[in-house]
Amino acid sequence: MKNKLIFIFLDGVGLGKNVKSNPFTKTFMPTLFNLVGEELTNTTNVVKQNFLVRGIDACLGVEGIPQSATGQTSLFTGYNAQAFLGHHLMAYPNDQLIALINKRSIFKYAKENYIKSIFANSYTDGFFKSFDKNSSNYSVTTRCVLAAKNNFNTMNDLVEGRAVHWDITNFTLQDMPNNKIPLITPFIAGENLKNLTNDYDLILYECFFTRFNRT
């Protein structure tokens, strides 16, 4: 059986100190605790057979506060984007980072190595209506899809369980005109994500703005 990988990226979530303000140490998470064997903190270092939990330094040797554009480019290309620019860059990738993404995005690498991959996130109709590949307002993950010339998931894919929206439960879509997008549980979203392994070897899913997520 061919190996499968689901890469779940939670933007803005990291491992912190063991303090009361850290949700990973104050929230009851029995499944995660049973897997790891301890609370998740920046000192967690669990190495077992087929299991690894270890924090990494998001600064990657560059002073400053880690930011989305450089951090995600590093994660999804394998290059140290922070060191490449010499600083951390927030929000959307600039031309220099886009060049790195176009050279070796996670999906482009997968395609070149005959690994069937998909970006599991769904996109709204508004994205397709205003689509302009030269726009400067596209995230690193969107740029990764473009670099590999892969398809984007639509609202139809979401309804049919072939995609997962960034908010996990579809709550941000409930006020859309003529809404036909069902509100789902996190469990169902996880099932939909898992089921993508029936057709793909590498699945990447991104949840951003996690503080707005509701269950």
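Predicted model, so just to flag it, every value in this text is computed and none were measured.

(A) Examining the pairing of strand S2 (residues 45–48) more closely. Looking at chain direction, S2 and strand S3 (residues 51–54) are connected through four bridges and run antiparallel. Looking across to S3, one finds that asparagine 45 is bridged to arginine 54. In this antiparallel pair of consecutive strands, S2 and S3, the connection spans two residues, and asparagine 50 shows a positive phi of 60°.

(B) Broad picture of the packing of helix H3 (residues 68–77) against helix H8 (residues 140–148). Here H3 crosses H8 at 40°, and the two axes come no closer than 9 Å. As judged from the angle between their axes, H3 and H8 are oblique. Handedness of the crossing formed by H3 with H8: right-handed. In this structure, H3 contributes Ser68, Ala69, Gln72, Thr73 and Phe76 to the contact, and H8 contributes Val140, Thr141 and Cys144. Residues of the contact of H3 with H8, tallied by class, amount to four nonpolar, four polar and no charged.

(C) Inspection of the environment of threonine 124 at higher detail. One can find threonine 124 in the loop between strand S4 (117–119) and helix H7 (125–129). Taking relative accessible area as the criterion, threonine 124 reaches 27% and is therefore assigned partly exposed. Taking C-alpha positions, threonine 124 is 9.6 Å from asparagine 156, a pair spaced 32 residues apart along the chain. Once residues lying within four places of it in the same chain are set aside, the contact partners of threonine 124 are Met155, His165 and Leu173.

(D) Examining the confidence of the model for the protein more closely. Taken over all residues, the pLDDT of the protein has a mean of 91, while the share at 70 or more is 97%. In the model of the protein, helix H1 (residues 23–26) stands out as the element of lowest mean pLDDT, 84, in contrast to S4, which has the highest, 98.

(E) The sheet that holds strand S1 (residues 5–10), seen in detail. With respect to topology, three strands assemble into an open sheet ordered S1-S5-S4, the strand pairing being parallel. Two strands lie at the open edges of the sheet, namely S1 and S4, each paired on one side alone. Adjacent strand axes in the sheet meet at a mean angle of 15° when their direction is disregarded. Relative to strand S5 (residues 202–207), S4 is paired through three bridges, and the arrangement is parallel.

(F) Examining helix H10 (residues 186–195) more closely. For H10, the full list of buried residues reads Ala189, Asn192 and Leu193. Taken end-on, H10 shows its buried residues confined to a sector of 100°, consistent with a single buried face.

(G) Molecular detail of the packing of helix H5 (residues 95–104) against H8. Packing of H5 against H8 leaves a shortest axis separation of 8 Å and a crossing angle of 45°. Between H5 and H8, the angle falls in the class oblique. Classified by chirality, the crossing of H8 by H5 is right-handed. On H8, the residues touching Ile98, Ile101 and Asn102 of H5 are Val140, Arg143, Cys144 and Ala147. For the contact of H5 with H8, the residue count by class is five nonpolar, one polar and one charged.

(H) Up close: the nonpolar core. Counting 18 residues, the largest nonpolar core has Phe76, Ile106, Phe107, Phe119, Cys144 and Leu204 as the members making the most contacts within it. Looking at this core, the elements that each hand over two or more residues are helix H6 (106–112), H8 and S5. The dominant element in this core, judged by the number of residues it contributes, is H8, at five residues. For leucine 204, the residues in contact, after removing those within four places along its chain, are Phe7, Phe76, Ile106, Phe107, Ile118, Phe119, Ala120, Asn121 and Thr141.

(I) The pattern of salt bridges, seen in detail. One pass over the structure, following the stated rule, counts four salt bridges. Among the ionic pairs, aspartate 201 bridges to lysine 4, the shortest N-O distance being 3.1 Å. Of this pair, aspartate 201 sits in the loop between H10 and S5 while lysine 4 sits in the segment before S1, and the two are 197 residues apart along the sequence. Residue aspartate 201 is classed as buried on the basis of its relative accessible area, which comes to 11%. We classify lysine 4 as partly exposed; its relative accessible area is 36%. As a salt-bridge pair, lysine 194 and glutamate 191 come within 3.7 Å of each other at their nearest N and O atoms. Highlighted residues: lysine 194 and glutamate 191, both in helix H10, separated by three residues, approximately one helical turn. Taking relative accessible area as the criterion, lysine 194 reaches 42% and is therefore assigned partly exposed. Through salt bridges with shared partners, a single network forms among Asp157, Glu160 and Arg162.

Rules used in this analysis
- Note on numbering: residues in each chain are counted from 1, in written sequence order.
- Local features in this predicted model are restricted to residues of pLDDT 70 or higher, and side-chain atom pairs are both shown and tallied only at a pLDDT of 80 or more, whereas totals for entire chains, interfaces and linings draw on every residue.
- Side-chain numbers come from the whole structure's heavy atoms, not from hydrogens or water.
- Paired strands are those between which DSSP finds at least two bridges.
- Secondary structure is summarised from DSSP: a helix means a run of H or I of at least four residues, a strand means a run of E of at least two, and numbering begins at the N terminus for each.
- Axis definition: a line fitted to C-alpha atoms, over the contacting stretch in the case of helices. Angles run 0 to 180 degrees between N-to-C directions.
- Our angle categories are set so that under 35 degrees counts as roughly parallel, over 145 as roughly antiparallel, 65 to 115 as roughly perpendicular, and the remainder as oblique.
- Here a crossing is taken to be left-handed if its near helix is turned anticlockwise relative to the far helix by less than a right angle, and right-handed if that turn runs clockwise.
- Contact definition: two residues touch when any of their heavy atoms are within 4.5 Å.
- Think of it as three bins: nonpolar holds Ala, Val, Leu, Ile, Met, Phe, Trp, Tyr, Cys and Pro, charged holds Asp, Glu, Lys and Arg, and polar takes everything else, Gly as well.
- Any residue under 20% of the maximum accessible area for its type is buried, any over 50% is exposed, and the rest in between are partly exposed; the area is computed with a 1.4 Å probe on protein chains only.
- Each residue carries a pLDDT score, the predictor's own confidence in it, on a scale running from 0 to 100.
- Working note: the arc is built from the helix axis to C-beta atom directions.
- Here, nonpolar core means buried Ala, Val, Leu, Ile, Met, Phe, Trp, Tyr and Cys residues that are tied together by side-chain atoms lying within 4.5 Å of each other.
- Salt bridge, as used here, is a side-chain nitrogen of Lys or Arg placed within 4 Å of a carboxyl oxygen of Asp or Glu.

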